[in-house]
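If you want the building blocks of each chain, they are given just below.
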Amino acid sequence: PCTADVSNEQGQQTVAVAAFQNKPNIVAYNTVIKAWARSGTGKLGARRAQALLNRMGERYRDGTDRDLKPDLRTWNTVITAWAKSGEKFAGKEAENVLRRMNEFYIAENETHLLP
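Residues numbered from 1 in each chain as written. Predicted model: local features only at pLDDT ≥ 70, side-chain atom pairs only at ≥ 80, totals over all residues. Heavy atoms only, no water.

Bringing the overall build of the protein into the picture now. Within the protein, the regular secondary structure consists of five helices and zero strands. With 115 residues in all, the protein has 39% of them scored as buried. Split by element, the accessible area of the protein, about 6600 Å² in all, is 48% carbon and sulfur. (Helix = DSSP H or I, 4+ residues; strand = E, 2+ residues; numbered from the N terminus. Buried < 20%, exposed > 50% of the residue type's maximum accessible area, 1.4 Å probe, protein only. Areas by Shrake-Rupley, 256 points an atom, 1.4 Å probe, with all protein chains shown as cover.)

Below, the structure is given as structure tokens:
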């Protein structure tokens with residue numbers, strides 16, 4: 001998988017295509033989430049990062065891909081995406097991600113990972 005420090009939309013698309021050409025794994029997802037978090041696109045970047053986290057969680061929970069279990073890097077990067085979004089409701093969105101992370105780790109019986 002590729003790594004990225006991308007700050008424009010064309011670069012975002014390039015990273016997404018490169019990361020997802022093969023079966024995407026957690027590294028590919030985290031790379032694209034990080035790219036969106038750093039994209040400088042405000043709410044768009046945060047929403048895209050959030051959507052990828054949501055997709056990972058759904059695929060993990062429904063058994064489609066048990067290798068896509070969001071890790072601490074995934075959750076923290078989405079929280080960062082909201083923090084950098086500049087949106088007036090970003091704090092609330094970041095809190096929602098934190099709450100979901102707590103619920104996820106409790107459901108997975110991994111309370112040692114709770115903040």
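Turning our eyes to something else, we now look at the confidence of the model for the protein. Here the protein averages 85 in pLDDT, while 81% of its residues score no lower than 70. Across residues 1-7, confidence stays below pLDDT 50; counting only partners more than four residues off in sequence or on other chains, it has 21 contacts. (pLDDT = per-residue confidence, 0-100. Contact = heavy atoms within 4.5 Å.)

With that settled, consider unusual backbone geometry. Within the chain, N109 stands out as a residue other than glycine whose phi angle is a positive 55 degrees. With respect to the helices and strands, the residue N109 is situated in the segment after α5 (90-107).

An α-helix turns once every 3.6 residues. As a result, residues three or four positions apart point the same way. Helix length check: helix α4 (residues 72-84), at 13 residues, gives a terminal C-alpha distance of 18 Å against a target of 18 Å (1.5 Å per residue), a fit within 8%. Within α4, burial applies to T74, W75, T77, V78, A81 and W82. In a view along the axis of α4, the buried residues occupy a sector of 165 degrees, so they form one face of it. Projecting away from the buried face of α4 at angles above 90 degrees are the exposed residues R73, A83 and K84. (Expected span 1.5 Å × (residues − 1). Arc of directions from axis to C-beta.)

Scanning the model with the defined rule gives five salt bridges in all. The partner of D67 in a salt bridge is K23, with the nearest N and O atoms 3.9 Å apart. Taken together, the residues span a long stretch of sequence, with D67 in the loop between α3 (43-61) and α4 and K23 in the loop between α1 (9-20) and α2 (26-37) at a distance of 44 residues. With respect to burial, D67 and K23 carry one shared label: exposed. (Salt bridge = Lys/Arg side-chain N within 4 Å of Asp/Glu carboxyl O.)

All right, on to the side chain of E110 then. Residue placement: E110 occurs in the segment after α5. At a separation of 2.4 Å, a polar atom in the side chain of E110 contacts the side chain of K69. (Polar contact = N/O pair within 3.5 Å; in protein donor to acceptor, adjacent residues only side chain to side chain.)

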